[in-house]
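One letter stands for each residue in the lines below.
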Amino acid sequence: MTAYDVLVAGAAVATGLAGGVLYAFSAFVMAGLRRLTPEDGGAAMRAINRDALRPPLMVLLLAAVGLPVAGAVVGLVTSAPGAVWAVTGAVVAVVGILGVTGFGNVPLNERLETAEDPGAEWQRFVGPWLRWNHVRTVAGAVASLSFVVAV
């Protein structure tokens, strides 16, 4: 087993786990929060966002980007079979998970956190946040599949 194999297998697991966590939000966490009053939904999401900034999620998101990039670089340098798939997975992970998080979901989270009326902001928040989260979910799945094919 080569370093490339280990990195790509790790990338498949990390991006799959990240996509799964994000899927859980799209599939049932946000659905549950939407059943609350806007004030309670906004307050609950603010609390979730604060807890999300802790190591369990941050380490997973770093792994879901770092391992793909490392695997793609090693694959290209060593001309490993499947390196094109590893590069594809890395691009999808960086753009679809990290990029969308940074440019889509985080700004919405920050607006919700600082809103003077969290209930009103929650009503504007849910639709766009879910759309961006669906993109992240699909990106996690596509990246993971790309790494499985790369191995």
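For the structure, see preceding data.
Described in the following lines is the structure provided in the data block. (Residues numbered from 1 in each chain as written. Predicted model: local features only at pLDDT ≥ 70, side-chain atom pairs only at ≥ 80, totals over all residues. Heavy atoms only, no water.)

**Brief notes about the nonpolar core**
Counting residues in each nonpolar core, the largest one holds 19 residues, and the members touching the most others are Tyr-4, Val-8, Ala-18, Ala-86, Ile-97 and Phe-147. Looking at this core, the elements that each hand over two or more residues are helix H1 (3–34), helix H3 (55–78), helix H4 (83–114) and helix H5 (118–150). The biggest single contributor to this core is H1, with six residues. The contact partners of Val-8, leaving out residues within four places of it in the chain, are Gly-71, Ala-86, Phe-147, Ala-150 and Val-151. With eleven residues, the next largest nonpolar core counts Leu-108, Trp-122, Phe-125 and Leu-130 among its residues. (Core = buried A, V, L, I, M, F, W, Y, C linked by side-chain atoms within 4.5 Å. Buried < 20%, exposed > 50% of the residue type's maximum accessible area, 1.4 Å probe, protein only. Helix = DSSP H or I, 4+ residues; strand = E, 2+ residues; numbered from the N terminus. Contact = heavy atoms within 4.5 Å.)

**Here's the deal with H1**
Taking 1.5 Å per residue as the helical rise, H1 with its 32 residues ought to reach 46 Å, and the 45 Å between its terminal C-alpha atoms agrees with that figure. Largest kink in H1: about 40°, centred on Ser-26. (Expected span 1.5 Å × (residues − 1). Bend = angle between axes of the 7 residues up to and from the residue.)

**Describing the environment of Arg-46**
Position of Arg-46 relative to the elements: it lies in helix H2 (residues 38–52). Note: C-alpha distance between Arg-46 and Glu-113 (67 residues apart in sequence) is 5.8 Å. Other than its neighbours up to four places away in sequence, Arg-46 contacts Leu-112, Glu-113, Ala-115 and Pro-118. A polar contact of 3.0 Å, which involves the side chain of Arg-46, links it to the backbone oxygen of Glu-113. (Polar contact = N/O pair within 3.5 Å; in protein donor to acceptor, adjacent residues only side chain to side chain.)

**Things to note about the packing of aromatic side chains**
The description of an aromatic ring pair rests on the distance of the ring centres and on the angle between the ring planes. Inspection of the entire model under this criterion finds three aromatic pairs. Each ring, one from Phe-25 and one from Trp-129, has its centre 5.9 Å from the other, and the planes form 55°; the classification is tilted. Taken together, the residues span a long stretch of sequence, with Phe-25 in helix H1 and Trp-129 in helix H5 at a distance of 104 residues. For the residue pair Phe-25 and Trp-129, the accessibility class agrees, reading buried in each case. Ring centres 5.5 Å apart and planes at 25° place the aromatic pair Trp-122 and Phe-125 in the stacked group. (Phe/Tyr/Trp six-rings, centres within 6.5 Å; stacked < 30°, edge-to-face > 60°.)

**Let's talk about unusual backbone geometry**
Positive phi is not limited to glycine here, since Ser-79 has a value of about 55°. Relative to the helices and strands, Ser-79 is located in the loop between H3 and H4. By relative accessible area, Ser-79 is classed as exposed at 62%.

**Some thoughts on the pattern of salt bridges**
All chains considered together, the criterion is met by four salt bridges. Linking Arg-46 and Glu-113 is a salt bridge whose minimum nitrogen-to-oxygen distance equals 4.0 Å. Here the residue Arg-46 occupies a position in helix H2, and Glu-113 occupies one in helix H4, the gap between them amounting to 67 residues. According to the relative accessible area criterion, Glu-113 is partly exposed, its value standing at 29%. Between Glu-121 and Arg-124 there is a salt bridge, and its shortest N-O distance comes to 2.8 Å. (Salt bridge = Lys/Arg side-chain N within 4 Å of Asp/Glu carboxyl O.)

By themselves, these observations are geometric and do not establish any function.
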